[in-house]
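The lines below spell out each chain.
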Amino acid sequence: MIIPAMLSLVGCSALAELPIGPAASNEPGVANLVANLMKTYHYDGRAVDDQMATEWLDQYFESLDFGRAIFLQSDVDRFRAMAATMDDDIRSREPQLEVARQVYDLYRKRVAERVADANAILDAGVDLTDDEDYHYDRSASEWPKDAAEAKEIWRQRVEEQFILGNQAKRSDEETTEMLRKRYHRMQADVDSADSLDI
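Here is a short report on the structure shown in this document. Please read all numbers here as calculations on a predicted model, not as lab measurements. (Residues numbered from 1 in each chain as written. Predicted model: local features only at pLDDT ≥ 70, side-chain atom pairs only at ≥ 80, totals over all residues. Heavy atoms only, no water.)

1. A short note on the overall build of the chain
Turning to step 1, where the next piece is worked out: Broken down by element type, the chain carries seven helices and zero strands.
Turning to step 2, where the next piece is worked out: Each helix and strand of the chain, placed in order from N terminus to C terminus, yields the pattern α-α-α-α-α-α-α.
Turning to step 3, where the next piece is worked out: By residue count, 40% of the 198 residues in the chain fall in the buried class.
Turning to step 4, where the next piece is worked out: The contacts of the chain with a sequence gap of at least 6 include a subset with a gap of at least 24, amounting to 73%.
Turning to step 5, where the next piece is worked out: Accessible surface for the chain amounts to roughly 11,000 Å². Of this, 52% is attributable to carbon and sulfur atoms. (Helix = DSSP H or I, 4+ residues; strand = E, 2+ residues; numbered from the N terminus. Buried < 20%, exposed > 50% of the residue type's maximum accessible area, 1.4 Å probe, protein only. Contact = heavy atoms within 4.5 Å. Areas by Shrake-Rupley, 256 points an atom, 1.4 Å probe, with all protein chains shown as cover.)

What follows is the structure, encoded as structure tokens:
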């Protein structure tokens with residue numbers, strides 16, 4: 001996903017010319033190609049620098065967690081601090097994409113935590129008696145400041161899904177089963193990603 005984020009800033013289809021093979025053997029070449037294409041073919045001749053690396057990283061976070069309900073703000077801040085070295089890693093003689101792998105590994109961990117939180121909410125029984133507002137579109141919000149805030153966001157999300165289930169005339173048991181399957185599928189999708197997906 002970091003490579004597409006990089007290429008989206010270039011607007012190029014040069015990847016079609018790369019041989020298909022194990023991701024580990026292609027990644028350095030792709031990273032090097034993108035870095036060179038940025039400087040040579042981008043409309044404003046931008047070189048790969050700290051600012052561009054930060055843009056790539058921000059796009060990567062958005063692609064993984066557009067709803068800002070998985071990562072914590074401290075996660076995002078920690079990796080943004082590493083953005084200054086990403087451009088150097090990509091332009092090096094043997095380009096490295098380790099930061100992208102570290103972000104995805106943390107994403108995998110955070111998804112497992114959120115799925116566990118959601119399942120715990122389902123295990124305890126969903127309480128729809130509270131009177132509160134829920135803002136489902138979090139794309140312009142900050143990431144949760146801590147695990148407690150993330151858990152609260154997921155509690156509200158589960159409750160919203162229960163309300164939608166009620167409106168669709170599903171029983172609580174049907175809605176619970178549907179949500180468990182959804183969260184299991186979400187975790188399985190994240191766990192099945194290989195280095196080409198990252």
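Once the structure has been displayed, the description carries forward.
2. Things to note about the environment of Gln51
Turning to step 1, where the next piece is worked out: Mapping Gln51 onto the fold places it in helix H3 (residues 50-64).
Turning to step 2, where the next piece is worked out: Separated by 32 residues in sequence, Gln51 and Ala83 place their C-alpha atoms 8.3 Å apart.

3. Here we look at the nonpolar core
Turning to step 1, where the next piece is worked out: Phe71 and Val103 are the most contacted members of the largest nonpolar core, which has 33 residues in total.
Turning to step 2, where the next piece is worked out: Counting only elements with at least two residues in this core, the list comes to H3, helix H4 (73-91), helix H5 (98-124), helix H6 (147-167) and helix H7 (172-191).
Turning to step 3, where the next piece is worked out: Among the elements that take part in this core, H5 stands out by supplying eleven residues, more than any other.
Turning to step 4, where the next piece is worked out: With sequence-adjacent residues up to four places away left out, Phe71 is seen in contact with Phe61, Leu64, Asp65, Val76, Val103, Leu106, Tyr107, Trp143 and Pro144. (Core = buried A, V, L, I, M, F, W, Y, C linked by side-chain atoms within 4.5 Å.)

4. Notes on the packing of aromatic side chains
Turning to step 1, where the next piece is worked out: This model, assessed by the stated rule, comprises six aromatic pairs.
Turning to step 2, where the next piece is worked out: On the numbers, 6.2 Å between centres and 55 degrees between planes, the contact of Phe61 with Phe79 is tilted. With Phe61 in helix H3 and Phe79 in helix H4, this residue pair connects regions lying 18 residues apart in the sequence. Note on accessibility: Phe61 and Phe79 belong to one class, buried.
Turning to step 3, where the next piece is worked out: Note on Tyr104 and Tyr107: the rings are 5.5 Å apart at their centroids and 55 degrees apart in plane angle, and the pair reads as tilted. (Phe/Tyr/Trp six-rings, centres within 6.5 Å; stacked < 30°, edge-to-face > 60°.)

5. Some thoughts on the side chain of Gln156
Turning to step 1, where the next piece is worked out: Mapped onto the fold, Gln156 is located in helix H6.
Turning to step 2, where the next piece is worked out: Among the residues examined, Gln156 registers a relative accessible area of 16% and is labelled buried.
Turning to step 3, where the next piece is worked out: The residues touching Gln156, leaving out its near neighbours within four places in the chain, are Glu132, Asp133 and Tyr134.

6. Describing H7
Turning to step 1, where the next piece is worked out: Between its first and last C-alpha, H7 extends 28 Å over 20 residues, near the 28 Å set by a 1.5 Å rise per residue.
Turning to step 2, where the next piece is worked out: Buried residues of H7: Thr175, Thr176, Leu179, Tyr183, Gln187 and Val190, and no others. Along the axis of H7, the buried residues cluster in a sector spanning 105 degrees; they form a single face. Of the residues in H7, the exposed ones pointing more than 90 degrees away from the buried face are Glu173, His184 and Asp189.
Turning to step 3, where the next piece is worked out: The inward-facing, buried residues of H7 abut H5 and H6. (Expected span 1.5 Å × (residues − 1). Arc of directions from axis to C-beta.)

7. Concerning the environment of Met186
Turning to step 1, where the next piece is worked out: The topology assignment puts Met186 in helix H7.
Turning to step 2, where the next piece is worked out: Given the relative accessible area of 23%, Met186 is considered partly exposed.
Turning to step 3, where the next piece is worked out: On a C-alpha basis, the gap between Met186 and Val115 in space is 8.2 Å, while along the polypeptide they are 71 residues apart.
Turning to step 4, where the next piece is worked out: Setting aside its immediate chain neighbours within four residues, Met186 contacts Ile70, Val111, Val115 and Trp154.

8. A look at the packing of H6 against H7
Turning to step 1, where the next piece is worked out: The contact between H6 and H7 brings their axes to 9 Å, and the two run at 130 degrees. With respect to each other, H6 and H7 are oriented oblique. H7 is crossed by H6, and the crossing has right-handed handedness. Counted together, Trp154, Val158, Gln161, Phe162, Gly165 and Asn166 of H6 and Asp172, Thr175, Thr176, Leu179, Arg182, Tyr183 and Met186 of H7 form the full contact between these two elements. (Axes fitted to C-alpha atoms, helices over the stretch in contact; angles between N-to-C directions. Parallel < 35°, antiparallel > 145°, perpendicular 65-115°, else oblique. Left-handed = near helix turned anticlockwise from the far one by under 90°.)

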